[in-house]
Protein chains: 2
Amino acid sequence: VQTLRIALVGFGVVGQSLAKLFLLKEQEFANVYGMKPNVICIIDRNGLAMDDKGLNLRGILEKKRRTGTVGRSKGEKPNAVIIKSTDADVLVETTPTNFKSGEPGLSHIKAAFQAKMSVVTANKGPLAVAFQALMELARHNNVFLRFSGAVGGGTPILDFGKSCSRGDTLIGIEGILNSTTNFILTNMERQNLSFEEALKSAQKHGYAEADPSLDIDGFDSAVKLVIIVNYLTKRAFTVRDVKITGIREVSIADVQRARDKGKAIRLIASANERLSVEPRLIDRDDPMCVSGPYNAVKFFCKNSGEKVIVGKGAGGMETASSIIRDMLEIRDLLAGRGLT
Amino acid sequence: VQTLRIALVGFGVVGQSLAKLFLLKEQEFANVYGMKPNVICIIDRNGLAMDDKGLNLRGILEKKRRTGTVGRSKGEKPNAVIIKSTDADVLVETTPTNFKSGEPGLSHIKAAFQAKMSVVTANKGPLAVAFQALMELARHNNVFLRFSGAVGGGTPILDFGKSCSRGDTLIGIEGILNSTTNFILTNMERQNLSFEEALKSAQKHGYAEADPSLDIDGFDSAVKLVIIVNYLTKRAFTVRDVKITGIREVSIADVQRARDKGKAIRLIASANERLSVEPRLIDRDDPMCVSGPYNAVKFFCKNSGEKVIVGKGAGGMETASSIIRDMLEIRDLLAGRGLT
């Protein structure tokens, strides 16, 4: 059984879910994958827990629950300095997303690469701001960057797109990439609500943020589209390349008219000659036409036709599962290279 | 650029589509994958074409079109003997499916393994009859067996299932695995046809065989379910373990009653505590509820929830694309082992 030394920065819902999965799956990891994940460092907003021999995750989860932080105060040291001082193989980055600066995630990821650590992140911020720069920095330092959890929560959209395009030519992508807007549009349809009423209901059910603009104005979908396209086609698009229209202007009359024609309005992110995010009329029979808090992505392949993947867009456990998938892949890549 | 020596046995729609893709994608294979597929042997029902330096595929496709066969007569030699005499790295098996004996595919695959060749097949017959025996024989001879095209045509159902279960626990599978029956049920629904009328229409459109019983009585779905489950869970089920009910008894009244309740009748293959194939009532909003000649499979994962994959179930080019994906995987596996 091979030990993988792990540092976590960010210990919110996703980080804690990951720690719980490590505890739950200790036996399975050893038996099925021959791997022992050993968390040697956790950094959260205010605190730091570190032990080169491996932290007691049960104790730390309990401490976080009781005190709101994982350990003693970090003092003045920047996180990047702490990250570089650890001897981890992989950094898992799950701090809050900032689409403008990418920080603090961006500095964390760069610090890890400079210290020759691979990175798994579920944080869209750094990827939105500096996708190609980060990919290049990883290559330059001979380490790996994976980010399944940043797009589609637990649904392996990136893996699936790669598998679809292998040996075939990807000629287009369309998808519903934001489950909050899909929840809202579905409720306008099902319960005859106006946009404002459906938004309030989504907020009440915990599906929309207090400030929902990143979702409903299409920005979150655009960022995910850019990540998917850059990853699968090795391009260097940014969100500024996406023509974005959100769902604020969708009226109850629009939704009803669509329904009467056997169609539905969905916020569709699409990439063919150009990149766009906009509300569109689609057939109810289209496999991409999901209802409720789901994501759906359709890949158009030259020889093998259209393929669609559908799954829940978010959730702590779902995203933590994606992080584990990415970690296992990085473990295999490192092993193939003979470095561990 | 690495050469992969290939033998084809079976040269119907799928085999010819594969040859066309090899011609079309020669540059792409070299540039993107560093691979040159070199077909050194093609066996069809009556003929044989062989050239250790590589066959002229354009000429052979033309000859097949003109004369119905690929080359000179095979004489008395069994295919298994011819296969063993070639120096191929990979055998591609696409002869007609026989669910009872698995032949002739079964003998072809065994011969290849004995000669230390890996195999890619789109033929469900041998897998239905001897799945675990074949997997074991491949391991024993230190070669690989892949069969994406046998389940779902061009849709990477097996890859997707593997990706879903990696680092998570697969707790159930449900799916629409036969596009012919789905085409029939959809047309009963949309055009108010009886089962017999919808079946005739499917036959007219080329979606159903002259003898459609393997599809409509559920056997084809059961075989695919067994292949998926055995592959993903390393079990050794056979079709006899599946409780099978087909769609012959579905009446126009059943279909209309379902529609009036916002539901639909679909032939669902399912694996949880037990394996079954039967017509079931499902929600129209269920992402698995596809209409027309599609396949859809839902994987239930313990931590990351439900995920669905949808794609066209069949077609020569689609299946040939799956064969290419499998070949690329085998090339990587052989390369990782340092044998080529």
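What counts as what
Residues numbered from 1 in each chain as written. Chains lettered and ligands numbered in written order. Predicted model: local features only at pLDDT ≥ 70, side-chain atom pairs only at ≥ 80, totals over all residues. Heavy atoms only, no water. Helix = DSSP H or I, 4+ residues; strand = E, 2+ residues; numbered from the N terminus. Rg over C-alpha atoms; globule rule 2.2 N^0.38 Å. Buried < 20%, exposed > 50% of the residue type's maximum accessible area, 1.4 Å probe, protein only. Contact = heavy atoms within 4.5 Å. Areas by Shrake-Rupley, 256 points an atom, 1.4 Å probe, with all protein chains shown as cover. Axes fitted to C-alpha atoms, helices over the stretch in contact; angles between N-to-C directions. Parallel < 35°, antiparallel > 145°, perpendicular 65-115°, else oblique. Left-handed = near helix turned anticlockwise from the far one by under 90°. Buried area = accessible area lost by both parts, 1.4 Å probe. Salt bridge = Lys/Arg side-chain N within 4 Å of Asp/Glu carboxyl O. Polar contact = N/O pair within 3.5 Å; in protein donor to acceptor, adjacent residues only side chain to side chain. Least-squares fit on C-alpha atoms with pLDDT ≥ 70 in both. Pairing = 2+ DSSP bridges. pLDDT = per-residue confidence, 0-100.

**Q** Sorry, what's going on with the overall build of chain A here?
**A** A tally of regular secondary structure across chain A gives 13 helices and 13 strands. Relative to the globule expectation of 20 Å for 340 residues, the C-alpha radius of gyration of chain A, 21 Å, shows essentially globular dimensions. For chain A, the C-alpha atoms occupy an extent of roughly 65 × 50 × 40 Å along the three principal directions. Evaluated residue by residue, chain A yields a buried proportion of 59% over its 340 residues. Contacts in chain A between residues at least 24 apart in sequence constitute 70% of all its contacts with a sequence separation of at least 6. Carbon and sulfur atoms make up 48% of the accessible area of chain A, which amounts to about 14100 Å² in all.

**Q** How do you make sense of the packing of helix α6 (residues 124-140) of chain B against helix α11 (residues 219-233) of chain B when you look at a structure like this?
**A** For any two helices packed against each other, the geometry comes down to the angle between their axes and how far apart the axes lie. Residue and element names in this part refer to chain B. Here α6 crosses α11 at 50°, and the two axes come no closer than 10 Å. Between α6 and α11, the crossing angle belongs to the class labelled oblique. Read as a crossing pair, α6 and α11 show a hand that is left-handed. Contacts between α6 and α11 involve Lys 124, Leu 127, Ala 128, Phe 131 and Gln 132 from the first element and Asp 220, Val 223, Lys 224, Ile 227, Asn 230 and Tyr 231 from the second.

**Q** Help me out: how do you make sense of the interface of chain A and chain B in this one?
**A** Often, the extent of an interface is quoted as the loss of accessible area on bringing the components together. Tallying the contact residues gives 38 residues for chain A and 38 residues for chain B. Of the roughly 3000 Å² buried where chain A meets chain B, counting both sides, 47% is carbon and sulfur surface. Where chain A packs against chain B, one counts four salt bridges. The tally of links between chain A and chain B comes to 16 residue pairs in polar contact (both at pLDDT 80 or more).

**Q** Got a minute to help me understand unusual backbone geometry in this structure?
**A** The phi torsion of most residues other than glycine is negative, and most of the peptide bonds are trans. Here the residue pair A:Glu103 and A:Pro104 is connected by a cis peptide bond, since its omega of 5° sits within 30 degrees of zero. Note that A:Pro104 resides in the loop between β5 (90-93) and α5 (105-114). The residue B:Asn142 is not glycine, and still its phi comes out positive at about 60°. Relative to the helices and strands, B:Asn142 resides in the loop between α6 and β7 (145-146).

**Q** I tried to follow the relation of the copies chain A and chain B on my own but got confused; where do I start?
**A** Superposition of the two copies of the chain requires a rotation about an axis together with a shift along that axis. For the match of chain A to chain B, the screw axis carries a shift of 0.0 Å, the RMSD comes to 0.0 Å, and the turn is 180°. Both chain copies can therefore be described as sitting about a two-fold axis. Judged by C-alpha distance, A:Ile309 is the residue of chain A that lies nearest the rotation axis, at 2.3 Å. Of all interface residues in chain A, 100% are interface residues in chain B too; the two copies therefore contact each other through one and the same surface.

**Q** Mind showing me how you'd approach the sheet that holds strand β4 (residues 72-73) of chain A here?
**A** In a beta sheet, neighbouring strands are held together by backbone hydrogen bonds and run either parallel or antiparallel to one another. Residues and elements named next belong to chain A. Strand order in the open sheet formed by seven strands is β4-β3-β2-β1-β5-β6-β7, and the pairing between neighbours is mixed. Every other strand in the sheet has two partners, leaving β4 and β7 (145-146) as the edge strands with one partner each. Pairing of strand β3 (residues 47-50) with β4, which is carried by two bridges, proceeds in the antiparallel orientation. Opposite Leu 48, over in β4, you have Arg 72 as the bridge partner.

**Q** Where do I start with the side chain of A:Arg266 in this structure?
**A** All names here are of chain A. Here Arg 266 lies in strand β10 (residues 263-271). A relative accessible area of 0% places Arg 266 in the buried class. Here Val 290 takes part through its backbone oxygen, which lies 2.9 Å from a polar atom of the side chain of Arg 266. Among all residues touching Arg 266, those that are not within four sequence positions of it are Ile 176, Asn 182, Leu 185, Thr 186, Glu 189, Glu 278, Pro 279, Arg 280, Ile 282, Cys 289, Val 290 and Ser 291.

**Q** Explain the confidence of the model for chain A to me, please; I cannot follow it from the model alone.
**A** Detail in the predicted coordinates should be disregarded across regions flagged by low pLDDT. Scored by pLDDT, chain A has a mean of 94; 99% of the residues are at 70 or more. Across the predicted assembly, pTM comes out at 0.92 and ipTM at 0.90.

**Q** Would you mind going over the pattern of salt bridges with me for this structure?
**A** A side chain of one charge can pair with a side chain of the opposite charge if their charged atoms are brought near each other. Residues and elements named next belong to chain A. Counted according to the given criterion, the structure contains 42 salt bridges over all chains. Across the pair Arg 5 and Asp 87 runs a salt bridge, and its minimum N-O distance is 2.8 Å. Of the two residues, Arg 5 sits in strand β1 (residues 2-9) while Asp 87 sits in the loop between α4 (79-85) and β5, which places them 82 residues apart along the sequence. In this structure Asp 87 comes out as partly exposed when scored by relative accessible area, which is 45%. Here the residues in one salt-bridge network are Arg 5, Asp 87 and Asp 89, joined through shared partners.

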